Structure formats: C-alpha cells, structure tokens
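Analysis of the macromolecular model
Single-letter residue listing:
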Amino acid sequence: MKVLGHKIELFPGLLLQEVTMAGMHELRFTEEKPLLRGQETELEHSDTFLSAVDTDWKEHDIETPYGLLHVVIRGSPKGNRPAILTYHDVGLNHKLCFNTFFNFEDMQEITKHFVVCHVDAPGQQAGASQFPQGYQFPSMDQLAAMLPSVVQHFGFKYVIGIGVGAGAYVLAKFALIFPDLVEGLVLMNIDPNGKGWIDWAATKLSGLTSSLPDTVLSHLFSQEELVSNTELVQSYRQQIGSVVNQYNLQLFWNMYNGRRDLDINRPGTVPNAKTLRCPVMLVVGDNAPAEDGVVECNSKLDPTNTTFLKMADSGGLPQVTQPGKLTEAFKYFLQGMGYIAYLKDRRLSGGAVPSAGMTRLARSRTASLTSASSVDGSRPRACTHSESSEAMGQINHTMEVSC
C-alpha cells in the first residue's frame, strides 16, 4: 500500500474511492491471485461462521433505559485505546454476522490489542427468549440510545464502531447523538434513507408471499448471489430460521423497515448541517443490494474524513466472503487514525517480521495545530485527510504491503 497525498493504492481486488474536495478519485485493481487461501474450503461448512476459536469471551446482559442488551466481550480496556464495538445486521446476531471476520487469523493479530465488544440487538442473540405479545421493540433511535449504557458499564472512554446494514445505521445514529463517545466508524452496507410508501408496500407484499428468512435473505444478498452462491445462501437460510427467534426477528425487521432518513448532510450544503465528525470508512461489495444506499450515504458525509471502499468480487456480506481483504482495509483505517500495527503477515516469506505490537501516535486536533500531543495525555481526535503534514506529527504517509 502507498499513501501519497489523497491517492491511496491498496491491495489487489479492491476498489477504493476516496472523496476529496476536488472530486472523487477511483482506482481499480484486477485480482491476479486469490488473497484468501482455502476460502472455498472454509465456506463448505455451513456452520463455519458460528464456530468459536476463542474461549475467553464473556457474556453480559446489561440494563439500559430501553431494556436488557446482550453483549459479548473479550479483553479489558487497554489504556487510552478505544474499544472495538460491533453491531450486526437485521436477521443476524453477532456470531452470524462477525465470527468469520473476527476469527480470521490476521484480524486477531489486530484485535488482541483492543477490547472487543459485540452487541446483539434486543432478542436477536442465540437462545433468546421470545418477547411477549404486545412488546414494543425499541426504535432505531432508542437502539442507539442503549449503547451509552454499554460504554459506561465496561468503562470504555470511546469506541471504534463496526456495523453492518441495520447495525451500521444504529452506530451512525449513536455517533450523531453521542459524538464524544465515538472515535471512528466502519459502516458496511449502510442505507441512510427511510423507506418510501412504494418500498413499504413492496416489503409488505413480500412478507405475504415469502417466509421471513427468505425476505431477510433478499436484504442480505443480491439476486445474483441468491441464484449462484447457493451453498452460502442455504447456510444462512438455515441459520436465520433456526438460531434467531422468528418472532423477535420480525419485530426488529419491522422497526428497521420503518426507520426514518438518517439526519446527515454534507457540511455547507444546508444550514446547520449535521454530519459524522469522526473518521468513517464506508464499505460495500460491488455486487451488493446495498450499493446505492452506501453511495447515497457517501454523498452526505464530510469528504475530509470519509473513505469509500468498494470491494471487488464481493456481495452483500464482505466480512464473510472476503475477511482477508476487509482485515487489510481495517488495518489501514486504524493506521490512518494513528493506531499503527506491526503485524505478522502470513503471506510474507523470508526475512525477519516484527512481532505484533500497536502504538498510538501523537495526533493533532486541527490543521492549525502543529504540535503533537502526548501519547499518554488527554484524548485527541483522530486526524483527517485535510490536516497539514505538520499536524500529522510522526505519522508515516508511505506504507507498503505485499499481498
């Protein structure tokens, strides 16, 4: 990878679009060799994404203003580093959504330096009790307002959020309402728009003619994937129908489909525009049903701290089908925020490889500040692409990786 000004060269098979004030720069790379070894074998097993590698995950039920929230956590807060907090898409839970990604070996090299916190939406965790008749499922705003209770319970100072679909929407809402608690966001398959009456009617009609798992699958996967990637789709159809309580899932699905537009606008486009203040990486597969929504979200965010990543040869769940590529992208996202990882790369041959380590570089709040703050000092905001080279302190703008 090379970072030169605003042009970012990543690794084969990725399309990285970075929006700058001058416009959008798009770079395409052709995949010359598979990035993931053994991926086909990995996906042969229907329960691959449910397997657990770690035994040190601890489950908690946390009281919030809008009911109990099931949370699974590994590790403890590490100094001034943020926690990595995830939120899954509708139809899934943290295992179905994130296990493949977080169990990927290179990803574990990163996450062992952070406390990791998986949040399950109310009633969506495996083995959850069915909600009673008449239960009012929290609104999308209320789901976001439940998260400060998690942050406070574990003593996190702030978090880096990773959300998919409905979970990305919830985390974006969380960052808008509680910006001081969010250090950065990775938002996959986010759709910032509420459904119009035509979309609402189509969803209602689909619910009458299709089973709930099939309806959810059309949200998670593109039509091409539903036809061609039958093994993966069948695996998720079985797991969605058996692992997630169907009554609880219906409530979450209804609430997500009734969401309002995410109240964000690009700064300068409307008076008193609201936007996400933290660094954001938007991710979508080039064959994903959410592509239009992610593009729309990109157009509404501040271009100085937003990176748009379109993953080639990837569909609706890039964290499942392309965990290696997403791990690389996440590593560079952390590096851009000042968290530099010296990670062992299994693809490198020969020569000494530095042992895994993570250091937070001094960072400046704005481009007008040229002096770096102390690593152990008060929390600084992550720098953005608009900041001057002086303000970036020790951050190295040239990085190379062999893929």
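Quick look at the structure, then.

**A few points about the pairing of strand 10 (residues 182-188)**
Most of strand 10 sits inside the fold, with 7 of its 7 residues counted as buried. Across 6 bridges, strand 9 (residues 159-164) lies against strand 10 in parallel orientation. Paired with Val159 across the strands is Val182, a residue of strand 10. Pairing of strand 10 with strand 11 (residues 280-285) involves 4 bridges; the strand directions are parallel. When the sheet's bridge partners are listed, Val186 is paired in strand 11 with Met281.

**A few points about the packing of helix 5 (residues 147-154) against helix 6 (residues 166-177)**
For the pair helix 5 and helix 6, the least separation of the axes is 10 Å and the interaxial angle reads 75°. Classified by the interaxial angle, the pair formed by helix 5 and helix 6 is roughly perpendicular. Seen from helix 5, the contacting residues are Leu147, Pro148 and Val151; seen from helix 6, they are Val170, Leu171 and Phe174.

**What to know about the packing of aromatic side chains**
Here the structure, examined in full by the defined rule, presents 10 aromatic pairs. Between Phe114 and Tyr339, the aromatic rings sit 5.8 Å apart at their centres with planes inclined by 65°, giving edge-to-face as the arrangement. Placement of Phe114 in the loop between helix 3 (105-111) and strand 8 (116-120) and of Tyr339 in strand 13 (residues 339-342) is noted, with a sequence separation of 225 residues between them. Accessibility assignment for this pair places Phe114 and Tyr339 in one class, buried. In this structure, Arg259 packs its charged tip against the face of Tyr256, placed 4.0 Å from the ring centre.

Parameters and conventions
Residue numbers here run from 1 along each chain, matching the order of that chain's written sequence. Under the rules for a predicted model, residues below a pLDDT of 70 receive no local features and side-chain atom pairs below 80 are neither given nor counted, while totals for whole chains, interfaces and linings still include all residues. Note that water and hydrogens are dropped before the side-chain values are worked out from all heavy atoms of the structure. Accessibility here uses a 1.4 Å probe with only protein chains present; expressed as a share of the type maximum, an area under 20% marks a residue as buried, one over 50% as exposed, and anything in between as partly exposed. Note on conventions: DSSP H or I runs of at least 4 residues are helices, E runs of at least 2 residues are strands, and numbering of each starts at the N terminus. Two strands pair if DSSP finds at least two bridges between them. The axes are straight lines fitted to the C-alpha atoms, using for helices just the contacting stretch, and the angles between their N-to-C directions are given from 0 to 180°. The scheme is simple: roughly parallel for angles under 35 degrees, roughly antiparallel for over 145, roughly perpendicular for 65 to 115, oblique for anything else. Residue contacts follow a heavy-atom distance rule, with two residues in contact if any of their heavy atoms lie within 4.5 Å. The pairing test for Phe, Tyr and Trp rings, Trp by its six-membered ring, is centres within 6.5 Å, and the orientation test on the planes gives stacked under 30 degrees, edge-to-face over 60, and tilted for anything in between. Here, a charge over a ring means that NZ of Lys or CZ of Arg falls within 6 Å of the ring centre while also lying within 35 degrees of the ring normal.

Everything listed is a geometric property; what it means functionally is a separate question.
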